[in-house]
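# Structural features, examined
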Amino acid sequence: MLSSCGCSFCRVIRAGMVGYNPNSPGVALTPEEAALAGSAAGMVTRALISPLDVVKIRFQLQIEQVSWRRRQGKYWGLWQATRCIMTEEGLPAFWKGHVPAQLLSVCYGAVQFASFEALTELVHKQTAYNSQTPGVHFICGGLAACSATVACQPLDTLRTRFAAQGEPKMYHNLRHAVATMFRTEGPFTFYRGLTPTLVAVFPYAGLQFFFYNILKKLLDPQDTKSKGGLHSLISGSCAGVISKTMTYPFDLIKKRLQVGGFEEARMKFGQVRTYHGFVDCVLRIGREERLRGFFKGLSPSLLKAALSTGFTFFWYEFFINAIVSLKSS
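Residues numbered from 1 in each chain as written. Predicted model: local features only at pLDDT ≥ 70, side-chain atom pairs only at ≥ 80, totals over all residues. Heavy atoms only, no water.

## What about the layout of surface pockets?
Taken as a whole, the largest pocket holds about 420 Å³ of empty space. As for the largest pocket, its lining consists of 23 residues, of which Gln65, Val66, Ser67, Arg292 and Lys296 are closest to the centre. Counting residues per element, the lining of the largest pocket draws most heavily on helix α8 (residues 278-293), at five residues. Among the residues forming the lining of the largest pocket, the class breakdown is nine nonpolar, seven polar and seven charged. (1 Å grid on protein atoms, 1.4 Å probe; cavity = no way out; pocket = protein on both sides within 12 Å on 5 of 7 lines; lining within 4 Å. Points joined across faces, edges and corners; volume = space filled by probe spheres on them. Helix = DSSP H or I, 4+ residues; strand = E, 2+ residues; numbered from the N terminus. Nonpolar A, V, L, I, M, F, W, Y, C, P; charged D, E, K, R; others polar.)

Okay, structure coming up:
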């Protein structure tokens, strides 16, 4: 049974399982502690996977085909793009936009995991469903991600702009970017690409939590702690690859829409396009770049998804267990 703490949000740790679990004794966490663990997990993960994110964004924004066989655009392969960015822009280029990206990760991790824990508890207490079933994790994970997306979309747009620009830089720092975008494009520019993001983020995050739940139980059916960290990393990585593959075109469309009004800084990378909304973007990509156009940058995205999701769940459970240990002592 739950230990009584007087908090409607209290949660129990069960060998590193994510989500509200009423069946195992443990130390209850407050929503602030769950948010703290999510923020810390997002911050550490972001620092580790930033280079892959920059390469992925460059691929997504390239109009020309990304192919080592038909080398039409500036970038045509993962290794080639990495060397090109390194040669032309230096090592720091792989962390372009890192400040807004870190703010995004901290904010997103806090809102997503706090919401997920709260939603799984609500489902358990207000419905007949078990909060630890994969289906519940799919719905609650999707809703939690939508909440985090709405809260953090401006930071995501800023991160994309910084990662997309070459040299010389159009935006000198975060403050300059915010002021310039607000003055020249208006406040709604920070929410460019929100529609495809919300359309994609629900199934993407939902599938992450869904497959993580299934895989973690398969790898660790007895909920033992001996290999809990490794199992979290493996389960999270596999869940990230599966969910990213299934929802990738929406991520690409979002990135294309986010750099609208940013064409001048993209000229040196090749062809540029201005899209008039979600439908126009889909139709033009399909007409000009065919089906493969919707999957540009998939290779670095899958690698990033494996590392990002695996590390996120790994570090989230690590920080959760650290908080529990501190409270127990």
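The discussion continues.
## Things to note about the nonpolar core
Val18, Phe113, Phe116, Phe209, Phe313 and Tyr316 are the most contacted members of the largest nonpolar core, which totals 18 residues. The set of elements that each furnish at least two residues to this core consists of α1 (31-61), α3 (98-126), α4 (134-164), α6 (194-219) and α9 (298-328). No other element matches the five residues that α9 contributes to this core. Other than its neighbours up to four places away in sequence, Phe313 contacts Val18, Phe113, Gln208, Phe209, Tyr212, Ser232 and Gly236. (Core = buried A, V, L, I, M, F, W, Y, C linked by side-chain atoms within 4.5 Å. Buried < 20%, exposed > 50% of the residue type's maximum accessible area, 1.4 Å probe, protein only. Contact = heavy atoms within 4.5 Å.)

## Looking at a nonpolar patch on the surface
Where nonpolar side chains cluster on the molecular surface, the patch consists of Leu78, Leu303 and Leu307 and spans about 200 Å² of accessible area. As for its placement among the helices and strands, Leu307 is situated in helix α9. A relative accessible area of 31% means that Leu307 is categorised as partly exposed. (Patch = residues over 30% accessible without salt bridge, like charges linked within 9 Å, V, L, I, M, F, W, Y side chains within 5 Å. Areas by Shrake-Rupley, 256 points an atom, 1.4 Å probe, with all protein chains shown as cover. Salt bridge = Lys/Arg side-chain N within 4 Å of Asp/Glu carboxyl O.)

## Observations concerning helix α2 (residues 78-89)
Here α2 spans 16 Å end to end across twelve residues, near enough to the 16 Å set by a 1.5 Å rise per residue. Those residues of α2 that fall on the buried side of the exposure criterion are Gln80, Ala81, Cys84, Ile85 and Glu89. Relative to the axis of α2, the buried residues are bounded by an arc of 130° and lie together on one face. Facing away from the buried surface of α2 by more than 90 degrees, the exposed residues are Trp79 and Thr87. Once α2 ends, the next one or two residues include Gly90, with phi positive near 85°. (Expected span 1.5 Å × (residues − 1). Arc of directions from axis to C-beta.)

## A word on the pattern of salt bridges
Enumeration over the complete set of coordinates arrives at 18 salt bridges. For the salt bridge of Arg58 with Glu89, the shortest nitrogen-to-oxygen distance reads 3.0 Å. A residue pair is termed long-range when its members are at least 10 positions apart, and Arg58 in helix α1 and Glu89 in helix α2 qualify at 31 residues. An identical accessibility class is assigned to Arg58 and Glu89; each is buried. A salt bridge links Lys74 to Glu88, with the shortest nitrogen-to-oxygen separation between them at 3.0 Å. Residue Lys74 is located in the loop between α1 and α2, and its partner Glu88 is located in helix α2; the two are separated by 14 residues in the primary sequence. Accessibility expressed as a relative area gives 21% for Lys74, which makes it partly exposed. Among the charged side chains, a salt-bridge network with shared partners connects Arg46, Asp53, Lys56, Asp156, Lys244, Asp251, Lys254, Lys255 and Lys304.

## Regarding the side chain of Thr312
By the secondary structure assignment, Thr312 is in helix α9. When its relative accessible area of 18% is taken as the criterion, Thr312 is described as buried. A polar side-chain atom of Thr312 sits 2.6 Å from the main-chain carbonyl oxygen of Ser308. Apart from the residues within four sequence positions on either side, Thr312 is in contact with Ala41, Thr45 and Phe113. (Polar contact = N/O pair within 3.5 Å; in protein donor to acceptor, adjacent residues only side chain to side chain.)

## Notes on the packing of α3 against α6
Two numbers describe a pair of packed helices, the interaxial angle and the distance between the axes. Viewed as axis vectors pointing N to C, α3 and α6 meet at an angle of 65°, and their least axial separation amounts to 13 Å. As far as their axial angle goes, α6 and α3 are roughly perpendicular. For the crossing formed where α3 meets α6, the hand is right-handed. Contacts between α3 and α6 pair Tyr108, Gln112, Phe113 and Phe116 from the former with Val201, Ala205 and Phe209 from the latter. In terms of residue class, the contact of α3 with α6 is built from six nonpolar, one polar and no charged. (Axes fitted to C-alpha atoms, helices over the stretch in contact; angles between N-to-C directions. Parallel < 35°, antiparallel > 145°, perpendicular 65-115°, else oblique. Left-handed = near helix turned anticlockwise from the far one by under 90°.)

## Comments concerning empty space enclosed by the protein
Inspection of every chain in the model, using the stated rule, returns four cavities of 30 Å³ or more. Its volume calculated, the largest cavity comes out at about 780 Å³. In this structure, the largest cavity is lined by 36 residues; those nearest its centre are Arg46, Tyr108, Tyr204, Lys304 and Ser308. Put simply, the parts of the chain that give the lining of the largest cavity at least two residues each are α1, α3, α4, α6, α7 (228-258) and α9. Among the residues forming the lining of the largest cavity, the class breakdown is 13 nonpolar, 14 polar and nine charged.

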